[in-house]
Amino acid sequence: MTAIGIIGSAGRMGQALAAAVPDLGATLAGGIDAGGDPATLAHDADVLIDFSAPSALERNLAAARLTGTPILIGTTGLSPTHHALVDAAASEIAVLQTGNVSLGVTLLAKLVREAAARLGPDWDIEIVEMHHRHKVDAPSGTALLLGEAAAAGRGASLADLRVSDRAGLVGARSEGTIGFASLRGGSVAGDHLVVFAGEGERIELGHRAENRAIFARGAVTAALWLAGKPAGRYQMEEVVGV
């Protein structure tokens, strides 16, 4: 049985992961939190799942590289520097980094990309997301993932099309841009809606997470898929097969 190590085991997601591991036929190699030793955990595990914090990513990747252990990174709020670290690690070990481990969201991103590719720039794209009051980053990693899918469908970079803040007299909407709106409150696990608004009609593609268990199952499923893979940077689309 594949042994999975959890980085960030005491958090909400970490606890959900621990519950999902045996349900999906794997074993728990252990878990650590802030101050824990990722190198020891990496040595004991066949694959790591990291849902800790951006500030811990460099250390976690170093531990995984030291032991040659594949790692799935679900931590959000990553900077370009963090992504460069992931790229460097992927030259030595198997790494899957994603803004969302839900199998449903992975399929949604595929649909968003296809819709954006088929609809012209006169169709405005807006992405609305809502999460619980404790979430610290915005827009969510999933919203950005969906934005990247929409931008890719239009043959562009999200950095060139993204509009994340509208307040005051900002003027009319610029054609071709991708807007983001973030809502925070209550205990919402994660709601995402991608709106394609045209003249006289609107297409809405969305996903609602009813509890964290879906993310835990998706992460464990992806980790089991990642275990034993050669070095490289992988995506959830490869896990789902879309």
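Before any of the text, the structure's been laid out above.
Only a predicted model underlies this, so the values are computations on that prediction, with no experimental measurement involved.

Caption draft 1: Main features of the pattern of salt bridges. Inspection of every chain in the model, using the stated rule, returns nine salt bridges. For Asp87, the salt bridge is made with Arg233, and the minimal N-O distance between the two is 2.5 Å. On the criterion of sequence distance, the pair formed by Asp87 in helix α4 (residues 80-89) and Arg233 in strand β11 (residues 232-234) is long-range, its members being 146 residues apart. A salt bridge links Arg202 to Glu204, with the nearest nitrogen and oxygen atoms 3.0 Å apart. Since its relative accessible area comes to 57%, Arg202 is described here as exposed. Assessed through its relative accessible area of 42%, Glu204 is described here as partly exposed. Each of Asp124, Glu126, Arg166 and Arg173 takes part in salt bridges that share partners, so that together they form one network.

Caption draft 2: Highlighting the sheet that holds strand β7 (residues 162-163). Read from one edge of the open sheet, five strands run β7-β8-β6-β9-β10, paired in mixed fashion. Strand pairing shows two members of the sheet lacking a second neighbour, β7 and β10 (201-209), which therefore form its edges. With respect to the sheet, helix α6 (residues 141-153) is in contact with β6 (124-131), β7, β8 (178-184) and β9 (190-198), its orientation differing from that of β8 by roughly 165 degrees.

Caption draft 3: Spotlight on the environment of Ser55. For Ser55, the position within the fold is in the loop between β3 (47-50) and α3 (57-67). The spacing of Ser55 and Pro70 is 15 residues in sequence and 20 Å in space, taken between C-alpha atoms.

Caption draft 4: Seen up close, the sheet that holds β11. Overall, parallel pairing links the six strands, which are arranged β2-β1-β3-β4-β5-β11 in an open sheet. Only two strands of the sheet have a single partner each, and these edge strands are β2 (27-32) and β11. Between one strand axis and the next, the sheet turns by 20 degrees as a mean value, whatever way the strands run. Looking at chain direction, strand β5 (residues 94-97) and β11 are connected through three bridges and run parallel.

Reading guide: rules and limits
- Residues numbered from 1 in each chain as written.
- Predicted model: local features only at pLDDT ≥ 70, side-chain atom pairs only at ≥ 80, totals over all residues.
- Heavy atoms only, no water.
- Salt bridge = Lys/Arg side-chain N within 4 Å of Asp/Glu carboxyl O.
- Helix = DSSP H or I, 4+ residues; strand = E, 2+ residues; numbered from the N terminus.
- Buried < 20%, exposed > 50% of the residue type's maximum accessible area, 1.4 Å probe, protein only.
- Pairing = 2+ DSSP bridges.
- Contact = heavy atoms within 4.5 Å.
- Axes fitted to C-alpha atoms, helices over the stretch in contact; angles between N-to-C directions.

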